[in-house]
Amino acid sequence: MKGLLTSGALAVLVAGPAYGLAPLMTDDFSYGAAPGNLTAVAPGVWFMSSGASPFVGYQTSTLSLPGYSFGGTGGAATISTSGSEDVYRSIGGAQTGDVYFSALMNFSAAGAGSYFFHLKDATTGFRARVFAQNNGVNLRFGFSNTSTGTYSTTDFAYGTTYLVVVHYNGTTGASDLWVLTSLPVAAPAPLLSQTDAAILGTMEAVGIRQATGGPTGVIDGIRVGTTWADLLPVELMNFEIK
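Structure report, in brief. (Residues numbered from 1 in each chain as written. Predicted model: local features only at pLDDT ≥ 70, side-chain atom pairs only at ≥ 80, totals over all residues. Heavy atoms only, no water.)

1. Focus: the sheet that holds strand β8 (residues 86–95)
The strand order β5-β8-β17-β10-β11-β12-β13 describes an open sheet built from 7 strands, whose pairing is antiparallel. Unpaired on one side and paired on the other, β5 (47–50) and β13 (150–151) mark the two borders of the sheet. Here strand β10 (residues 114–120) pairs with strand β17 (residues 203–208) via 4 bridges, running antiparallel. Each bridged residue has a counterpart across the sheet, and for Leu119 the counterpart in β17 is Val206. (Pairing = 2+ DSSP bridges. Helix = DSSP H or I, 4+ residues; strand = E, 2+ residues; numbered from the N terminus.)

Here it is in structure tokens:
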């Protein structure tokens, strides 16, 4: 059945930010009113992968960033340079191809450099590893698919909430890191990019890691999807057909 426009104009309104419809996993860390160890307050959701005390923690205060609809409620995870435990959460099954994941982060300190956030397979295959290191009075982020990070020369501030976005392709090994202070209309140029020499293939979980040399701070509002729009809103515009 066809419609006929006899006069005037048809205004199509699809304004404002819109997210993708099918994220693989979201976590606002809404695990109750009492702080504690993350795996203890979220049993069956977050699991220990290695290490021991000091544990990845859970605090009842949260992080937020204007326009980012994840975080801002519930609590958050805490990590420390003196911590030992590493944890992971399933992203909802084995994924191949593109995986994007994001989180809000706010750090108070960092050491000489180590990774703290990553994708993993069903065992100990880690990829798209996000690093942090201290640079004088500033913070720097790094990225790698191995245990050796490549660090950006851009300085970031302690005590500031950033939105960290990561991409990994399980077919090509292409991977990218963004560190954002506000939500862009479209994906900007990455802060760092890598190509994996030993492609992981399937991705099954996100991991939070503690290590000497890594950062101390807070992680909140994790979101995982297969497109940029699953994590961040894309701006849809008004248009008019005359």
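2. Digging into the pattern of salt bridges
For the structure on display, the rule yields 3 salt bridges. Arg89 serves as the salt-bridge partner of Asp27, at 2.7 Å between the closest nitrogen and oxygen. Separated by 62 residues along the polypeptide, Asp27 in strand β3 (residues 25–27) and Arg89 in strand β8 bring together distant segments of the chain. Its relative accessible area of 3% is what places Asp27 among the buried residues. Put simply, Asp196 and Arg127 hold a salt bridge, and the shortest N to O gap is 2.6 Å. Taken together, the positions of Asp196 in the loop between β16 (192–195) and β17 and Arg127 in strand β11 (residues 126–135) put the pair 69 residues apart, joining distant regions of the chain. Each member of the pair, Asp196 as well as Arg127, is classed as buried. (Salt bridge = Lys/Arg side-chain N within 4 Å of Asp/Glu carboxyl O. Buried < 20%, exposed > 50% of the residue type's maximum accessible area, 1.4 Å probe, protein only.)

3. Brief notes about the pairing of strand β12 (residues 138–144)
The buried count for β12 comes to 6 of 7 residues, which makes it a mostly enclosed element. In the sheet, β11 pairs with β12 via 7 bridges, with the strands oriented antiparallel. Bridge pairing in β12 links Asn135 to Asn138. Between β11 and β12, which pair antiparallel and follow one another directly, the connecting turn spans 2 residues, one of which, Gly136, has a positive phi of 70°. Taken together, the 2 bridges between β12 and β13 define a ladder with antiparallel strand orientation. Note on β13: the bridge partner recorded for Gly142 is Tyr151.

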